[in-house]
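Chains, contacts and geometry: an overview
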Amino acid sequence: MTAGRSAEGAHGSAETPGDVLDERAAVRLVYRPQPGDTLVGLKARERIKRTGLILRVAFLTLWVGQWLLSTVGRGSVDVVSTVLFLFVVLIVWGYPRLQAAHVQRTVGWQGEYRATISSAGITCRTDHSTLVQEWPFFRGYRETTGHFVLLSRDPNIMCLDVLPKRGAHEALDIDRLRAVLDEHIARV
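Residues numbered from 1 in each chain as written. Predicted model: local features only at pLDDT ≥ 70, side-chain atom pairs only at ≥ 80, totals over all residues. Heavy atoms only, no water.

This part is about the overall build of the protein chain. Scanning the protein chain for helices and strands turns up five helices and eight strands. Ordered by position from N to C terminus, the α and β elements of the protein chain give α-β-α-α-α-β-β-β-β-β-β-α-β. A total of 188 residues make up the protein chain; the buried ones form 34% of that total. Counted over contacts in the protein chain with a minimum sequence separation of 6, partners at least 24 positions apart contribute 54%. Within the structure as shown, the protein chain displays about 11600 Å² of accessible surface, and the carbon and sulfur contribution to it stands at 63%. (Helix = DSSP H or I, 4+ residues; strand = E, 2+ residues; numbered from the N terminus. Buried < 20%, exposed > 50% of the residue type's maximum accessible area, 1.4 Å probe, protein only. Contact = heavy atoms within 4.5 Å. Areas by Shrake-Rupley, 256 points an atom, 1.4 Å probe, with all protein chains shown as cover.)

Structure follows, in structure tokens:
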């Protein structure tokens, strides 16, 4: 039951006129999560948070410096040092992709996602779970070409909701979704 509102309406029904209006204004998305969705969310979070990006650049810079100093100091390229350097570059570049693949294994088995976005918040249903998140949970959102990425309010932005635009039934739903998001949370 929602705080401040009774479960029964004025005429004994379970819905109030406000609920009916909320239902008509709600936007529904139906989609199956893909690793690319999570990768978009992680990149959006990284652009806002910047700590991970700074650490990865610093780590990579240290390795480049170490490799250059050892190469110049010897006067030739060391095979082991070069292989380790390339491995580090691969790990730094691939870490977000590995993380997205891990998230996909965690959420992908749940099948089709049916998200309802309304003035009450976001309700996401799968065959195995239902998750309800109210607007105060989010600090804001970022729109990309194919997604809306909603970022949690916690300092480390540990939770992301990625709403793929491909889940909309018609193009008008994207504009309605943007309007609902703009009404309740800020663009970041």
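Moving on, we get to the pattern of salt bridges. A side chain of one charge can pair with a side chain of the opposite charge when the charged atoms of the two come close. Per the counting criterion, the structure on display carries ten salt bridges. Among the salt bridges present, the one from Glu 143 reaches Lys 165, with a minimum N-O distance of 2.7 Å. Here Lys 165 lies in the loop between strand S7 (160-164) and helix H5 (171-184) and Glu 143 lies in strand S5 (residues 138-143), a separation of 22 residues in the sequence. Classification of Glu 143 as partly exposed rests on a relative accessible area of 24%. Its salt-bridge partner being Arg 178, residue Glu 143 comes within 2.7 Å of it at the nearest N-O pair. Here Arg 178 lies in helix H5 and Glu 143 lies in strand S5, a separation of 35 residues in the sequence. Residues participating in the shared-partner salt-bridge network are Glu 143, Lys 165, Asp 175, Arg 178, Asp 182 and Arg 187. (Salt bridge = Lys/Arg side-chain N within 4 Å of Asp/Glu carboxyl O.)

Before going further, it helps to examine the side chain of Ser 81. Assignment of secondary structure puts Ser 81 in helix H4 (residues 79-107). Residue contacts for Ser 81: discarding those within four places in its chain leaves Gln 66, Trp 67 and Ser 70.

Glancing now at the confidence of the model for the protein chain. When pLDDT is averaged along the protein chain, the result is 84; 87% of the residues meet or exceed 70. Scored below 50 in pLDDT, residues 1-21 makes eleven contacts in the model with residues more than four places away or belonging to other chains. (pLDDT = per-residue confidence, 0-100.)

So, on to the sheet that holds strand S8 (residues 186-187). Strand pairing in a sheet is mediated by backbone hydrogen bonds. Such pairs are either parallel or antiparallel. Across the sheet, which stays open at both edges, the four strands sit in the order S7-S6-S5-S8 with mixed pairing between neighbours. Two strands in the sheet have a free side with no partner beyond their single neighbour: S7 and S8. Bridge count between S5 and S8: two bridges; the pairing is parallel. Within S8, the position partnered with Gly 140 by the bridge is Ala 186. Packed on one face of the sheet, helix H2 (residues 35-49) meets S5, strand S6 (147-152) and S7 and runs near 55° to S6. (Pairing = 2+ DSSP bridges. Axes fitted to C-alpha atoms, helices over the stretch in contact; angles between N-to-C directions.)

Now for the sheet that holds strand S2 (residues 113-118). Spatially, the four strands line up as an open sheet ordered S1-S2-S3-S4, and their pairing is antiparallel. In the strand order of this sheet, the two ends are held by strand S1 (27-31) and strand S4 (130-133), each with one partner. When the angles between neighbouring strand axes are averaged without regard to direction, this sheet yields 15°.

Moving on: the pairing of S4. Pairing analysis gives four bridges linking strand S3 (residues 121-125) to S4, with the strands arranged antiparallel. Looking across to S4, one finds that Ile 122 is bridged to Gln 133. The hairpin formed by S3 and S4 contains four residues between the paired strands.

Close contact between H2 and H4 brings their axes to 8 Å; oriented N to C, the two are set at 130°. By the criterion of interaxial angle, the relationship of H2 to H4 is oblique. Crossing of H2 over H4 shows right-handed handedness. Of the residues in H4, those in contact with Pro 35, Thr 38, Leu 39, Leu 42, Lys 43 and Arg 45 of H2 are Pro 96, Arg 97, Gln 99, Ala 100, Val 103 and Gln 104. Of the residues contributing to the contact of H2 with H4, the split by class is six nonpolar, three polar and three charged. (Parallel < 35°, antiparallel > 145°, perpendicular 65-115°, else oblique. Left-handed = near helix turned anticlockwise from the far one by under 90°. Nonpolar A, V, L, I, M, F, W, Y, C, P; charged D, E, K, R; others polar.)

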